[in-house]
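# A closer look at the structure
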Amino acid sequence: MIKAVLFDVDGVIANGEGWHVYLERDHGITTEHLAPFFAEKFTPCLLGVADLKDALASYLPQWGWQQSTDAFLDYWFTCEHVVDQPLIDYVQSLRQRGLPCYLATQQEKYRTRYIANEMGLARSFDGIFSSADLGYLKSEPDFFAAIMRHLPAIDTSEVLFWDDSARNVQVARVSGLRAELYTDFASFCHTMDTYKL
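Residues numbered from 1 in each chain as written. Predicted model: local features only at pLDDT ≥ 70, side-chain atom pairs only at ≥ 80, totals over all residues. Heavy atoms only, no water.

## A closer look at the overall build of the chain
For the chain, the helix and strand inventory stands at 13 helices and five strands. In terms of overall size, the chain behaves like a compact globule, its C-alpha atoms giving a radius of gyration of 17 Å where 197 residues would be expected to give roughly 16 Å. Structurally, the chain occupies a C-alpha span of about 55 × 30 × 25 Å along its principal axes. Burial status across the chain gives 48% buried among its 197 residues. (Helix = DSSP H or I, 4+ residues; strand = E, 2+ residues; numbered from the N terminus. Rg over C-alpha atoms; globule rule 2.2 N^0.38 Å. Buried < 20%, exposed > 50% of the residue type's maximum accessible area, 1.4 Å probe, protein only.)

As structure tokens, this is what we get:
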């Protein structure tokens, strides 16, 4: 029996094109420009042990960004402010039937807050589990173990996790959760019907 459902954010709840597409179009900053930052500095931000604004400080001038760090983050987060409303409506139907739904996402602290507040997802879900707060990446079983410590009345086998990454789905399954790969809303609905929630 499923007693809670976890949803990934990017690629599931938020399914836009990706901010890098707009960044290159609007500002000429390519994925090649971004690659060293994401390879060298971003992971500690995702783990909550480094501040994204500090990490970006030396990179923005190299990329030719003329505005403030806050303006860069605002541009980034706004570009990815795309919510799948049919999926949100489905989540609300689950919650109305008494099934708690949570976000389980790999984010640094500033976008975690943006997702909760500006995107309004704090109102649409019963809680948000972010890597920046948990201190683990989704590729680590400890990520899911940390979530389960916040759900002490529920067994891991009673939790269903949805993610668009096959690797994350596999880690969740190894951790004892039910887990499904998200591809599109229609397939999601079909699979959810098989659970007879």
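Once the structure has been displayed, the description carries forward.
## Things to note about the pattern of salt bridges
In this structure the tally under the stated criterion is nine salt bridges. Across the salt bridge formed by Asp10 and Arg111, the nearest N and O atoms sit 2.8 Å from each other. Within this pair, whereas Asp10 is found in the loop between strand E1 (4-7) and helix H1 (19-27), its partner Arg111 is found in helix H8 (residues 109-116), the two being separated by 101 residues in sequence. Across the pair Lys109 and Asp51 runs a salt bridge whose closest N-O atoms are separated by 3.0 Å. Note that Lys109 is positioned in helix H8 and Asp51 in the loop between helix H3 (42-46) and helix H4 (52-56), a separation of 58 residues in sequence. (Salt bridge = Lys/Arg side-chain N within 4 Å of Asp/Glu carboxyl O.)

## Observations concerning the environment of Glu40
One can find Glu40 in helix H2 (residues 31-40). For Glu40, a relative accessible area of 52% translates into the label exposed. It is 38 Å that separates the C-alpha atoms of Glu40 and Asp89, two residues lying 49 residues apart in sequence. A distance of 2.7 Å separates the side chain of Glu40 from the side chain of Tyr59, its partner in a polar contact. (Polar contact = N/O pair within 3.5 Å; in protein donor to acceptor, adjacent residues only side chain to side chain.)

## Things to note about the packing of helix H7 (residues 85-96) against helix H13 (residues 185-195)
Their axes nearest at 11 Å, the elements H7 and H13 cross at an angle of 20°. Here H7 is positioned roughly parallel relative to H13, judged by the angle of their axes. Crossing hand, H7 versus H13: left-handed. Of H13, the residues touching H7 (which contributes Pro86, Leu87, Tyr90 and Leu94) are Phe185, Phe188, Cys189, Met192 and Asp193. Looking at the contact of H7 with H13 residue by residue, the classes come out as eight nonpolar, no polar and one charged. (Axes fitted to C-alpha atoms, helices over the stretch in contact; angles between N-to-C directions. Parallel < 35°, antiparallel > 145°, perpendicular 65-115°, else oblique. Left-handed = near helix turned anticlockwise from the far one by under 90°. Contact = heavy atoms within 4.5 Å. Nonpolar A, V, L, I, M, F, W, Y, C, P; charged D, E, K, R; others polar.)

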